[in-house]
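# Chains, contacts and geometry: an overview
Listed below are the residues making up each chain.
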Amino acid sequence: MPLLPRYGEAALSDLLPSVLGALGVAGESDVLGLPPARQYCVLLIDALGWRLLQAHPAQAPFLSSLTGRAITAGVPTTTAVSLASLGTGLPPGRHGIVGYTSRTPGDTALFNALRWEPQLDPEAYQPHPSLFQRAARAGVETTVVGEGKFRESGLTRAAMRGPFRVANTFGQRIAAAADAVAGAGSGLVYVYDGDLDYTGHQHGCSSAAWRHQLAMTDRFVEELYDQLPSGTALVVTGDHGMVDVDPERRVDVDDVPALRDGVALVAGEARFRHVYTTDASAAEDVAAAWRGVLGERASVLTRGAAVEAGWFGAVEGRVLERLGDVVVSVDGDCAVERRSVFPVEGKLRGLHGALTEDELLVPLLVGEA
């Protein structure tokens, strides 16, 4: 059985609303029980899964020393979805960014939410205000710290609308975050770092390269913590975990006719697929065919069943068509690829997207400066 996200109780979408609640912003609730502080610095480390962190205390002594517990990401467990949930405080079914790729509204083409291709209007695609905008209206100063290439990206404009400081290296991120916090009487600084995710995709999260990168990330977090002024709470989390999948245990849709019958488009990513059928009435048959091929290696639900099960939280009407008619969360050492459409996936060792504990659980770590 897949693990379910804990929207509204202990999910990534609850983090920034809890920060604003802890800062005393009217209408915001601290459901995560964060400590009182004058300022908060929230650091998201891409692909820092809870179980990965628990398995590598030697490489992450500082992170492991922080007060921590697990919360859940959203579904699917992928960066675009998680950053949108973090930035808006909403589950995927409301903000509408539902995967690395999904069907372009009103079309049969793929929409890539990380690259934001095709160039849809971010404010129309995701119309809800960001937590940074909500904070600003309440008089709380905010800063988003990230690489320059993200500053005007579609995903940033959709999910992280707020003042942005460019910081391309560990050192620049530390300096920018510390300076922003020091200049705020009551504030929120958000910092993103993606190097651990990149290393895991390329080499796998069981590789020596990944362990070295975790050690470097741990040192970065400790230095950031040391530079924060007194009265600041550092909160560290991740957007998803990661698993390694052997190339020999992957299924290519193009190699299995049963996975293509009645299918118009396959989206998502290798550990979580949105499957769009040629006709809505074919969803049950397509789901049965995918179950027949994948068996216990995946949880295969129709859209209606997945919505009812709470995979995406409350789902707005405008978002329904973005979800697959059939959705597939892969379990164990397996992945579902379509290399003719997604050639890069076959080259990646570390993957994520599914509703397993390894992928859905992320840390909530707190240190008070």
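These lines cover the structure that appears in this document, whether it is placed above or below. Predicted model only: the values in this text are computed from it and were never measured.

Scoring rules and cut-offs
Residue numbers restart at each chain and count upward from 1, following the sequence in its written direction. For a predicted model such as this one, the threshold for reporting local features is a pLDDT of at least 70, and the threshold for listing and counting side-chain atom pairs is 80 or more; totals across whole chains, interfaces and linings nevertheless cover every residue. Values shown for side chains rest on all heavy atoms present in the structure; no hydrogens or waters enter the calculation. DSSP calls a pair of strands paired once it identifies at least 2 bridges connecting them. Only runs of H or I of at least four residues qualify as helices and only runs of E of at least two qualify as strands under DSSP, and these elements are numbered from the N terminus. Helix axes use the C-alpha atoms of the stretch in contact, all axes being lines fitted to C-alpha atoms, and the angles between their N-to-C directions lie in the range 0 to 180 degrees. We call two residues contacting when some pair of their heavy atoms lies within 4.5 Å. Relative accessibility thresholds used throughout: buried, under 20% of the residue-type maximum; exposed, over 50%; partly exposed, between the two (1.4 Å probe, protein chains only). Put simply, angles under 35 degrees are roughly parallel, angles over 145 are roughly antiparallel, angles from 65 to 115 are roughly perpendicular, and the rest are oblique. Should the near helix be turned anticlockwise from the far one by less than a right angle, the crossing is termed left-handed; should it be turned clockwise, right-handed. The classification used treats Ala, Val, Leu, Ile, Met, Phe, Trp, Tyr, Cys and Pro as nonpolar, Asp, Glu, Lys and Arg as charged, and all other residues, Gly among them, as polar. Here the expected span of a helix is defined as 1.5 Å times the quantity of residues minus one. Comment: arc refers to directions from the helix axis out to C-beta atoms. Under the rule applied, a polar contact is a pair of N or O atoms within 3.5 Å (in protein, one hydrogen donor and one hydrogen acceptor; residues adjacent in sequence only if both atoms are side-chain atoms). Definition used for salt bridges: Asp or Glu carboxyl oxygen within 4 Å of a side-chain nitrogen of Lys or Arg. For the purposes of this analysis, a disulfide is any pair of cysteine sulfur atoms at a distance within 2.5 Å.

Before going further, it helps to examine the sheet that holds strand β5 (residues 141-146). One open sheet holds the seven strands; their spatial order is β2-β17-β8-β1-β7-β5-β6, and the pairing between them is mixed. The sheet is open, and its two borders are formed by β2 (67-72) and β6 (164-166), each paired with just one other strand. Recorded for the sheet is a direction-independent mean angle of 20° between the axes of neighbouring strands. Across five bridges, strand β8 (residues 232-238) lies against strand β17 (residues 361-368) in antiparallel orientation. Bridge assignment links valine 235 to a residue of β17, and that residue is valine 366. This element, helix α4 (residues 79-88), spans β1 (39-45) and β7 (187-193) of the sheet and lies at about 175° to β7.

Before going further, it helps to examine the pairing of strand β12 (residues 272-277). Remark: a regular strand shows side chains that alternate across the two faces of the sheet. The element β12 is largely enclosed, with a buried count of six among its six residues. Burial along β12 is two-sided: Phe272, His274 and Tyr276 and Arg273, Val275 and Thr277, pointing in opposite directions, are all buried. In this structure, strand β11 (residues 263-269) lies alongside β12, joined through six bridges in antiparallel fashion. Looking across to β12, one finds that leucine 265 is bridged to tyrosine 276. The turn joining β11 and β12, which pair antiparallel and follow one another in sequence, is formed by two residues. As judged from the four bridges shared by β12 and strand β14 (residues 326-330), these two strands associate in the antiparallel manner. When the bridges of β14 are listed, arginine 273 appears paired with valine 328.

Spatially, β11-β12-β14-β13 is the arrangement adopted by the four strands of the open sheet, whose pairing is antiparallel. The sheet is open, and its two borders are formed by β11 and β13 (298-302), each paired with just one other strand. This sheet shows a mean twist of 20° between the axes of neighbouring strands, independent of strand direction. Packing against the sheet, helix α12 (residues 283-294) makes contact with β11, β12, β13 and β14, and its axis sits at approximately 175° to β13.

Packed helices, taken two at a time, are described by the angle their axes make and the gap between the axes. At a minimum axis distance of 9 Å, the contact between helix α9 (residues 170-182) and helix α11 (residues 208-227) shows a crossing angle of 25°. Classified by the angle between their axes, α9 and α11 sit roughly parallel to one another. Viewed along their axes, α9 and α11 form a crossing whose handedness is right-handed. Contacts from Phe170, Arg173, Ile174, Ala177 and Ala178 in α9 reach Gln213, Met216, Thr217, Phe220, Glu223, Leu224 and Gln227 in α11. Considering only residue class, the contact of α9 with α11 consists of seven nonpolar, three polar and two charged.

With that settled, the discussion passes to α12. Residues lying three or four places apart along an α-helix face the same way, a consequence of the helix completing one turn every 3.6 residues. Across its twelve residues, α12 extends 16 Å between first and last C-alpha, which sits within 8% of the 16 Å expected from 1.5 Å per residue. Taken together, the buried positions of α12 are occupied by Ala283, Val286, Ala287, Trp290 and Leu294. For α12, the angular spread of buried residues about the axis comes to 100°, placing them on one side. Of the exposed residues in α12, those oriented more than 90 degrees away from the buried face are Glu284, Asp285 and Gly292. Its buried side turned inward, α12 meets β10 (250-252), β11, β12, β13, β14 and β15 (335-337). Trailing α12 by a residue or two, glycine 295 shows a phi angle of about 55°, which is positive.

On to the side chain of histidine 274, then. Its place among the elements puts histidine 274 in strand β12. For histidine 274, a relative accessible area of 0% puts it in the buried group. Within the local environment of histidine 274, its side chain forms a polar contact with the backbone nitrogen of glycine 324, the two atoms lying 3.0 Å apart. Setting aside anything within four residues of it in sequence, one finds histidine 274 in contact with Val98, Thr101, Leu265, Val266, Ala267, Gly268, Phe312, Arg322, Leu323, Gly324, Val326 and Val327.

As enumerated under the stated definition, the model contains 19 salt bridges in all. The salt bridge partner of aspartate 333 is arginine 249, with a shortest N-O separation of 3.3 Å. You can see aspartate 333 sitting in the loop between β14 and β15 and its partner arginine 249 sitting in the loop between β9 (243-244) and β10, a full 84 residues away along the chain. Under the relative-accessibility criterion, arginine 249 is labelled partly exposed at 44%. Residue glutamate 316 pairs with arginine 318 through a salt bridge whose shortest N-O separation is 2.9 Å. Residue classification places arginine 318 among the partly exposed positions, given a relative accessible area of 26%. Among the ionic contacts, a cluster of salt bridges with common partners joins Arg51, Glu357 and Asp358.

Once that is clear, we can look at the state of the cysteines. The full count for this structure, using the stated rule, is zero disulfides. Between cysteine 205, a cysteine without a disulfide, and cysteine 334, which holds the nearest cysteine sulfur, the sulfur-to-sulfur distance is 16 Å. We classify cysteine 205 as buried; its relative accessible area is 7%.

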